[in-house]
Amino acid sequence: MNAPGRVVPQFVVAAVLTLLPVVAAVVVAQEWTHPATSIPVHWTTSHADNNDDETTVFWSGLALALACVAVAAFCAAFVRSDSGRWGSAAGFGALAAVGCAATLLWPVGQLTAAASTAGDPIGPAFLLFLIALAWGPVVFGICATRHADPAPDPATVPDPDQDAVPHPAP
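Source: prediction; values computed, not measured.

Considerations on the overall build of the protein chain
Scanning the protein chain from terminus to terminus reveals five helices and two strands. Overall, the protein chain shows an N-to-C arrangement of helices and strands of α-β-β-α-α-α-α. For the protein chain, contacts bridging at least 24 residues in sequence account for 77% of all contacts bridging at least 6. Summed over all atoms, the accessible surface of the protein chain reaches about 10100 Å², with 69% contributed by carbon and sulfur.

Overview of the side chain of Q10
The residue Q10 is located in helix 1 (residues 9-31) in this model. Relative accessible area serves as the criterion here: at 19%, Q10 is assigned to the buried category. For Q10, the contacting residues outside a window of four places in its chain are I142, C143, T145 and R146.

Brief notes about the nonpolar core
In this structure, F11, A14, A72, A76, F92, V139 and C143 are the most contacted members of the largest nonpolar core, which totals 15 residues. When contributions to this core are tallied by element, the ones reaching two or more residues are helix 1, helix 2 (54-78), helix 3 (85-103) and helix 5 (130-144). Sequence-distant contacts of C143, defined by excluding residues within four places in its chain, comprise Q10, F11, A14, A89 and F92. With ten residues, the next largest nonpolar core counts V22, I39, V57 and V69 among its residues.

Section: the packing of aromatic side chains
In this structure the tally under the stated criterion is seven aromatic pairs. Relative to F129, the ring of F126 lies with its centre 6.1 Å away and its plane at 35 degrees, an arrangement referred to as tilted.

Observations regarding the packing of helix 1 against helix 3
At a minimum axis distance of 8 Å, the contact between helix 1 and helix 3 shows a crossing angle of 5 degrees. Between helix 1 and helix 3, the angle is such that the two are roughly parallel. Together, F11, A14, T18, P21, V22 and A25 of helix 1 and S88, F92, L95, A96, C100 and T103 of helix 3 make up the contact between the two elements. Class assignment for the residues of the contact of helix 1 with helix 3 results in nine nonpolar, three polar and no charged.

So, how was this worked out
Throughout, residues of each chain are indexed from 1 in the direction in which the sequence is written. Note on the predicted model: pLDDT of at least 70 is required for a residue's local features to be given, and 80 or more for side-chain atom pairs to be given and counted; whole-chain, interface and lining totals, by contrast, use all residues. Calculated side-chain values reflect all of the structure's heavy atoms, with hydrogen atoms and water omitted. A run of H or I in DSSP counts as a helix once it spans at least four residues, and a run of E counts as a strand once it spans at least two, with each numbered from the N terminus. Any pair of residues with heavy atoms lying within 4.5 Å of one another is described as a contacting pair. Reported accessibility uses the Shrake-Rupley method at a 1.4 Å probe radius. Residues are deemed covered only where the shown protein chains occlude them. Only protein chains enter the accessibility calculation, which uses a 1.4 Å probe; a residue whose area is less than 20% of its type maximum is buried, one above 50% is exposed, and one in between is partly exposed. Here the nonpolar core consists of buried residues drawn from Ala, Val, Leu, Ile, Met, Phe, Trp, Tyr and Cys, with membership extended through side-chain atoms lying within 4.5 Å. Two rings belonging to Phe, Tyr or Trp (six-membered ring only in the last case) form a pair when the distance between their centres is within 6.5 Å. Interplanar angles under 30 degrees mark stacking, angles over 60 mark edge-to-face geometry, and anything in between is tilted. Note on geometry: axes are lines fitted to C-alpha atoms, helical ones only across the stretch in contact, with angles between N-to-C directions running from 0 to 180 degrees. Should an angle fall under 35 degrees it is taken as roughly parallel, and over 145 as roughly antiparallel, whereas 65 to 115 is taken as roughly perpendicular and any remaining angle as oblique. For this classification, Asp, Glu, Lys and Arg are treated as charged, while Ala, Val, Leu, Ile, Met, Phe, Trp, Tyr, Cys and Pro are nonpolar and the rest, including Gly, are polar.

Following this line, the structure appears as structure tokens:
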């Protein structure tokens, strides 16, 4: 078990796993052949009624995902081993799920744009968001594998003034 106040390795792994979908999104965007220039961003029950350019959709999702990475990295650096096991795991899992879902905005939009031109109003592209629903519990499980350090027993904590030399009275 880690000494209280130490960086938790599972938290560092969780921060890296929160960054992984961002890297994947950048690679997918670079490798995507012939991306649609206009992506549906709002739908009615029958069709898309509002479109946005693909660059805006990509960067808006990436900005949210990078914010999740920054928060996860900050927490990995400063949330210590004496924090609650389940609360910490839930926080990191939520950050990973939200970051992953944000990185999926652009590919889902691209697939939806392709499905819309093929006559399918929305299409099954939204099923890709299930990846985020799985990614969060994976990170949660990794963070939950650690045990929170117990609070020190006050009876066993040494008194810092025990070996102090008394000062003579003036």
